[in-house]
Amino acid sequence: MMRNKRPLNPEHTQSHLPMGGLIRSRINRLFAILGGLVSAQILILWAAEPLSFFEAVWLTMTTLVTVGYGDYSPVTPVGRISTIVLMFVSAITLLTLIVSDYIEYRFYRRERILTGRWIYKMKDHIVIINTPRSGGEQYFMRFASQIRSVPEYHTVPIMLLTRQFPGGLPAELSDCGVVHFHGAGNDPEALKSVHAGSAKHIIVLAADESDPMSDSLTFDIAHRLAESNLGGRTTVECVGDHNRARFKALGVRTTIRPVRTYPEIMVRSVVAPGSEKVLEDMFNYERDHPHRYDLKLDDLTWADIVSALIRHGIGTALAYIDHDNEVICHPDTNAEVEGKGLIVLVRSSETPEVSVVEEALDRYREFLKQWRTMHEQNQKAATDSSEEPPSAGGSER
């Protein structure tokens with residue numbers, strides 16, 4: 001600042017105080033002074049002029065807003081002097097300063113929101129800490145769209161705590177109801193600014209999904225959250241599987257691998273804890289994996305196929321392939337399936353051959369055939385017994 005250049009308002013030199021609070025405090029003081037001047041003017045007009053109290057209020061207010069209908073006006077020297085001093089010089093000037101400060105506050109608030117430095121009043125929201133190294137905008141957009149599709153999360157606010165987007169969030173993210181705060185997850189003041197203690201869910205993304213060293217930063221953030229008893233609300237991404245036990249010891253609710261192309265896994269971990277484990281297993285061959293079996297399907301319902309595979313310990317049927325090569329997920333349970341293949345979730349260590357699956361389906365067909373035969377025989381026996389004539393002794397009576 002130049003030596004002889006003074007700030008517009010003296011409060012601007014108090015850099016240790018939040019500017020928004022300074023502007024609001026100044027507006028409140030100006031309103032208090034304005035209220036005193038207006039009250040004094042009303043009382044003077046009421047006492048010195050031939051006006052009722054309501055007429056004095058009306059004249060004061062029309063003078064303040066410079067409307068001047070002309071229906072009333074001061075006629076005594078005291079009333080005219082007070083109008084010049086209290087209204088024309090003081091009150092109208094104060095009102096102009098109030099409007100000016102309000103506009104300044106609105107610009108200040110907008111600038112703080114754009115740069116991620118505005119502190120929102122939030123509760124039961126979702127806090128996401130860190131930003132993917134690449135494709136962060138697309139990741140957050142897909143996450144927001146997926147979480148919004150869950151009815152109970154349709155209106156839940158989403159807060160990003162990140163050092164990305166210093167110039168403001170992209171319009172597409174803002175339209176999804178996402179806001180951000182410029183800071184780091186290992187900064188206690190930043191966690192306080194995003195109201196982590198009042199959040200419904202806290203998500204800590206890996207700083208680098210391909211570098212196991214990023215688990216150190218994630219652990220530091222998770223440790224700070226655990227110290228505030230927030231581990232039960234926290235979901236973290238862990239690059240190295242050997243670090244999962246450390247996060248579990250902290251009391252973190254869910255630990256998952258970073259899967260940037262499928263934020264749906266993160267959404268599932270938030271809205272349905274535990275389901276992310278099933279989805280994670282589908283992306284590797286450690287325990288289970290989806291396997292395709294090419295075989296003819298024409299006389300069994302989907303319920304029959306699922307039951308047959310489970311009864312024979314093969315796996316869980318996920319979908320089937322119809323004759324047009326379309327993968328049909330969640331088919332009608334009681335409708336007969338016609339297709340040329342199955343997608344089955346099987347154990348990676350013991351993946352059955354297609355002949356085993358065909359044998360299981362054939363055995364289930366035989367089981368259904370025997371069951372239907374027994375059912376028909378029982379029905380026929382029940383019908384025959386109901387058609388037998390009554391005994392002779394019963395007819396005599």
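Keep in mind it's a predicted model, so treat the numbers as computed, not measured. (Residues numbered from 1 in each chain as written. Predicted model: local features only at pLDDT ≥ 70, side-chain atom pairs only at ≥ 80, totals over all residues. Heavy atoms only, no water.)

### Concerning the overall build of the chain
At step 1: In terms of helices and strands, the chain carries 13 helices and 10 strands.
At step 2: For the chain, restricting intrachain contacts to residue pairs at least 6 apart in sequence, the fraction spanning at least 24 positions comes to 65%.
At step 3: Here the chain has roughly 23100 Å² of accessible surface; of this, 55% comes from carbon and sulfur atoms. (Helix = DSSP H or I, 4+ residues; strand = E, 2+ residues; numbered from the N terminus. Contact = heavy atoms within 4.5 Å. Areas by Shrake-Rupley, 256 points an atom, 1.4 Å probe, with all protein chains shown as cover.)

### Comments concerning the sheet that holds strand 9 (residues 327–329)
At step 1: Spatial strand order, 7-10-8-9: four strands in an open sheet with antiparallel pairing. Two strands close off the open sheet at either side, each with one partner strand: strand 7 (288–301) and strand 9. The average undirected angle you get between the axes of adjacent strands in this sheet is 35 degrees.
At step 2: Pairing of strand 8 (residues 316–321) with strand 10 (residues 336–347), which is carried by five bridges, proceeds in the antiparallel orientation. Paired with T316 across the bridge in strand 10 is L345.
At step 3: Seen against the sheet, helix 11 (residues 302–311) touches strand 7, strand 8 and strand 10 and runs at an angle of roughly 130 degrees to strand 7. (Pairing = 2+ DSSP bridges. Axes fitted to C-alpha atoms, helices over the stretch in contact; angles between N-to-C directions.)

### A word on the sheet that holds strand 3 (residues 178–182)
At step 1: Taken in spatial order, the six strands line up as 3-2-1-4-5-6 in an open sheet, and their pairing is parallel. If you trace the sheet from one side to the other, it starts and ends with strand 3 and strand 6 (254–256), each paired once. Averaged over neighbouring strand pairs, the angle between their axes works out to 20 degrees when direction is ignored.
At step 2: As defined by bridge partners, strand 2 (residues 158–162) adjoins strand 3 across five bridges and the pair is classed as parallel. Across the sheet, residue M159 finds its bridge partner in strand 3, namely V179.

### Comments concerning helix 11
At step 1: When helix 11 is considered as a whole, its buried residues turn out to be W302, D304, I305, A308 and L309. Along helix 11, the residues classed as buried sweep out an arc of 160 degrees about the axis, all on the same side. (Buried < 20%, exposed > 50% of the residue type's maximum accessible area, 1.4 Å probe, protein only. Arc of directions from axis to C-beta.)

### Comments concerning the pairing of strand 2
At step 1: Where burial is concerned, most of strand 2 is hidden: five out of the five residues are buried.
At step 2: Note on the crossover from strand 1 (residues 126–129) through helix 4 (residues 136–148) to strand 2: the handedness is right-handed. (Right-handed = clockwise from strand over helix to strand, strands pointing away.)

### Describing helix 2 (residues 53–64)
At step 1: Compared with an ideal rise of 1.5 Å per residue, which puts 12 residues at 16 Å, helix 2 spans 17 Å between its outermost C-alpha atoms and is within 8% of the ideal.
At step 2: Among all positions in helix 2, only A56, L59, T60, T62, T63 and L64 are buried.
At step 3: Following helix 2 by one or two positions, T66 adopts a phi angle in the positive range, close to 60 degrees. (Expected span 1.5 Å × (residues − 1).)

### What to know about the packing of helix 4 against helix 9 (residues 263–271)
At step 1: Axis separation between helix 4 and helix 9 bottoms out at 9 Å; the angle between their running directions is 40 degrees. Between helix 4 and helix 9, the angle is such that the two are oblique. Here the hand of the crossing between helix 4 and helix 9 comes out right-handed. Where helix 4 abuts helix 9, its residues Y139, R142, F143, Q146 and I147 lie against P263, E264, M266, V267, V270 and V271.
At step 2: The class makeup of the residues in the contact of helix 4 with helix 9 is eight nonpolar, one polar and two charged. (Parallel < 35°, antiparallel > 145°, perpendicular 65-115°, else oblique. Left-handed = near helix turned anticlockwise from the far one by under 90°. Nonpolar A, V, L, I, M, F, W, Y, C, P; charged D, E, K, R; others polar.)

### A closer look at the packing of aromatic side chains
At step 1: Counted under the stated rule, the structure contains six aromatic pairs.
At step 2: Aromatic side chains Y105 and W118 sit 6.4 Å apart centroid to centroid with 70 degrees between the ring planes, which places their arrangement in the edge-to-face category. Highlighted residues: Y105 in helix 3 (residues 77–114) and W118 in the loop between helix 3 and strand 1, separated in sequence by 13 residues.
At step 3: A relative accessible area of 13% places Y105 in the buried class.
At step 4: Here the aromatic rings of W302 and Y320 are separated by 6.0 Å at their centres, their planes lie at 45 degrees, and the arrangement is tilted. Remark: Y320 occurs in strand 8 and W302 occurs in helix 11; sequence separation between them is 18 residues.
At step 5: For Y320, a relative accessible area of 11% gives the class buried.
At step 6: Here R260 stacks its cationic end above the ring of Y139, 5.5 Å away from the centre of that ring.
At step 7: One cation-aromatic arrangement involves R311 over F367; the distance from NZ or CZ to the ring centre is 5.5 Å. (Phe/Tyr/Trp six-rings, centres within 6.5 Å; stacked < 30°, edge-to-face > 60°. Lys NZ or Arg CZ within 6 Å of the ring centre and 35° of its normal.)

### What to know about the side chain of R148
At step 1: Within the secondary structure, R148 is located in helix 4.
At step 2: In terms of polar contacts, R148 uses its side chain to reach the backbone carbonyl oxygen of V156, at 2.5 Å.
At step 3: In this structure R148 touches Y153, H154, T155, V156, P157, I158, C176 and G177, once residues within four positions along its chain are discounted. (Polar contact = N/O pair within 3.5 Å; in protein donor to acceptor, adjacent residues only side chain to side chain.)

### Considering the side chain of S269
At step 1: Take S269: it is sitting in helix 9.
At step 2: Setting aside anything within four residues of it in sequence, one finds S269 in contact with T235, R253, T254, I256 and E276.

### Details of unusual backbone geometry
In most cases, non-glycine residues show a negative phi, while peptide bonds are predominantly trans.
At step 1: You will see that F165, though not glycine, has its phi angle at about 55 degrees, which is positive.
At step 2: Note that F165 resides in the loop between strand 2 and helix 5 (171–175).
At step 3: Residues other than glycine seldom take positive phi values, yet N229 does so here, at roughly 60 degrees.

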